[in-house]
Amino acid sequence: MTGRLLGAGRSADVYEIDEAWVLRRDRDGWGDAAAEGAVMAYVREHGYPAPRVRPTGSRTELVMERLSGPTLLTALLAGETGPAEGGALLASLLRRLHAVPGRDPADPGARVLHLDLHPDNVMLTPDGPRVIDWTNAEDGPPGLDWGMSAVILAQAALGPYPLAQDILTALLAEPGELTEEGLTEALRRRAANPTMSRGEVEVLGTAGQLIRSLAF
């Protein structure tokens, strides 16, 4: 049994269970909650700020720690967090994630990648930031993760959130591992993403130009 609806994203809904736990249910059935929970548990074991999870045995439902506090996006839009601080926080979270040992001994250069790390997927809790929504996580080169975050911010900057350009500038001003290969692959993946609107896809070329002008 689940309680009231707490939030809804592009592909999933989050319901209240009790004061400590929530249930995230995938509406489309294409996710793998068990795999997502496993990667969240793995990075938590290495000190990364992901929510606690409980196994459910379901591919579409994930029980996880209930967090309190605004998202980084909410804080940015409210002026409670500045874009320079927001971009620096995203960069710090990417660096911390890629410092976690890789899961594949046969590929020592691979790291756990979030692949959707943007301001709406960072919760600002009283205990510090927590990174949510690990649906897209996989193992690979860190440059791809930096590329995905940069492309998401650039798309937002060219769309409804001009403030995102300042966040992007701050992100790319921090020491990171963005590569041309990672950026190219990130642009390709965003173009193939079925949740993208036509407008979001149409700005990808300009988004790539903006990122390259700031990073390379």
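Here we summarise the structure given alongside this text. (Residues numbered from 1 in each chain as written. Predicted model: local features only at pLDDT ≥ 70, side-chain atom pairs only at ≥ 80, totals over all residues. Heavy atoms only, no water.)

**Looking at the overall build of the protein chain**
- Scanning the protein chain for helices and strands turns up eight helices and nine strands.
- Rg of the C-alpha trace for the protein chain: 17 Å, near the compact-globule value of 17 Å for 216 residues, within the 12% margin.
- Across the 216 residues that make up the protein chain, the buried fraction comes to 44%.
- For the protein chain, the share of sequence-separated contacts (at least 6 apart) that also reach a separation of at least 24 residues comes to 66%.
- Accessible surface for the protein chain amounts to roughly 10,400 Å². Of this, 52% is attributable to carbon and sulfur atoms.
- Averaging the locations of the 20 positively and 30 negatively charged side chains of the protein chain gives two centres separated by 3 Å. (Helix = DSSP H or I, 4+ residues; strand = E, 2+ residues; numbered from the N terminus. Rg over C-alpha atoms; globule rule 2.2 N^0.38 Å. Buried < 20%, exposed > 50% of the residue type's maximum accessible area, 1.4 Å probe, protein only. Contact = heavy atoms within 4.5 Å. Areas by Shrake-Rupley, 256 points an atom, 1.4 Å probe, with all protein chains shown as cover. Lys, Arg positive; Asp, Glu negative; His and termini not counted. Charge placed at Lys NZ, Arg CZ, Asp CG, Glu CD.)

**A short note on helix α6 (residues 180-192)**
- Between its first and last C-alpha, α6 extends 19 Å over 13 residues, near the 18 Å set by a 1.5 Å rise per residue.
- Those residues of α6 that fall on the buried side of the exposure criterion are Gly-182, Leu-183, Ala-186, Leu-187 and Arg-190. Take α6 and look down its axis: the buried residues cluster within an arc of 135°, on one side only. Away from the buried face of α6 by more than 90 degrees, exposed residues Glu-181 and Ala-192 are located.
- In this structure, the buried side of α6 is in contact with α4 (142-157) and α8 (204-215). (Expected span 1.5 Å × (residues − 1). Arc of directions from axis to C-beta.)

**Re the packing of aromatic side chains**
- Per the stated rule, a full pass over the model turns up one aromatic pair.
- Plain terms: the ring middles of Tyr-48 and Trp-134 are 5.8 Å apart, the flat faces sit at 90° to each other, and that makes the pair edge-to-face. Here Trp-134 lies in the loop between β8 (128-131) and β9 (138-140) and Tyr-48 lies in the loop between α1 (33-45) and β4 (53-54), a separation of 86 residues in the sequence.
- Take Tyr-48: its relative accessible area is 4%, and that puts it in the buried class.
- Judged by relative accessible area, Trp-134 falls into the buried class, the value being 0%.
- If you follow Arg-54 out to its NZ or CZ, it ends over the ring of Trp-21, 4.6 Å from the centre.
- Taking the ring centre of Tyr-42 as reference, the NZ or CZ of Arg-103 above it sits at 6.0 Å. (Phe/Tyr/Trp six-rings, centres within 6.5 Å; stacked < 30°, edge-to-face > 60°. Lys NZ or Arg CZ within 6 Å of the ring centre and 35° of its normal.)

**Comments concerning unusual backbone geometry**
- A positive phi angle, near 70°, is found at Leu-115, a position not held by glycine.
- Considering the arrangement of structural elements, one finds Leu-115 in the loop between β6 (111-113) and β7 (122-125).
- Assessed through its relative accessible area of 3%, Leu-115 is described here as buried.
- In the Ramachandran plot, Asp-133 falls in the positive-phi region, its phi being about 60° despite a non-glycine side chain.
- The exposure class of Asp-133 is partly exposed, given its relative accessible area of 28%.

**What about the nonpolar core?**
- Formed by 47 residues in total, the largest nonpolar core has its most connected members in Tyr-48, Trp-134, Leu-168, Leu-171 and Ile-211.
- Per-element tally for this core: the top contributor is α4, with nine residues.
- Setting aside chain neighbours within four positions, we find Tyr-48 in contact with Val-43, Leu-93, Arg-96, Leu-97, Val-100, Leu-117, Val-131 and Trp-134. (Core = buried A, V, L, I, M, F, W, Y, C linked by side-chain atoms within 4.5 Å.)

**Re α4**
- Under the 1.5 Å per step criterion, the end-to-end length of α4 is 23 Å for 16 residues, consistent within 8% with the ideal 22 Å.
- The element α4 is extensively covered by neighbouring structure, given that 16 of its 16 residues are classed as buried.

**Considerations on the side chain of His-118**
- With respect to the helices, strands and loops of the structure, His-118 is situated in the loop between β6 and β7.
- Filtering out sequence-adjacent residues up to four positions away, His-118 remains in contact with Leu-90 and Ile-152.

**Comments concerning the pairing of strand β2 (residues 12-16)**
- Of the pairings in the sheet, the one linking strand β1 (residues 5-8) to β2 comprises three bridges and is antiparallel in character. Along β2, the bridge assignment pairs Leu-5 with Tyr-15.
- Sheet topology places β2 next to strand β3 (residues 21-26); five bridges connect them, and they run antiparallel. Looking at the pairing, Ala-12 lines up with Asp-26 of β3.
- Hairpin connection from β2 to β3: four residues lie between these consecutive antiparallel strands. (Pairing = 2+ DSSP bridges.)

**Focus: the environment of Ala-50**
- Looking at where Ala-50 falls in the secondary structure, it is placed in the loop between α1 and β4.
- As a C-alpha pair, Ala-50 and Gly-86 span 36 residues in sequence and 18 Å in three-dimensional space.
- Once residues lying within four places of it in the same chain are set aside, the contact partners of Ala-50 are Met-40, Val-43, Arg-44, Arg-130, Val-131 and Trp-134.

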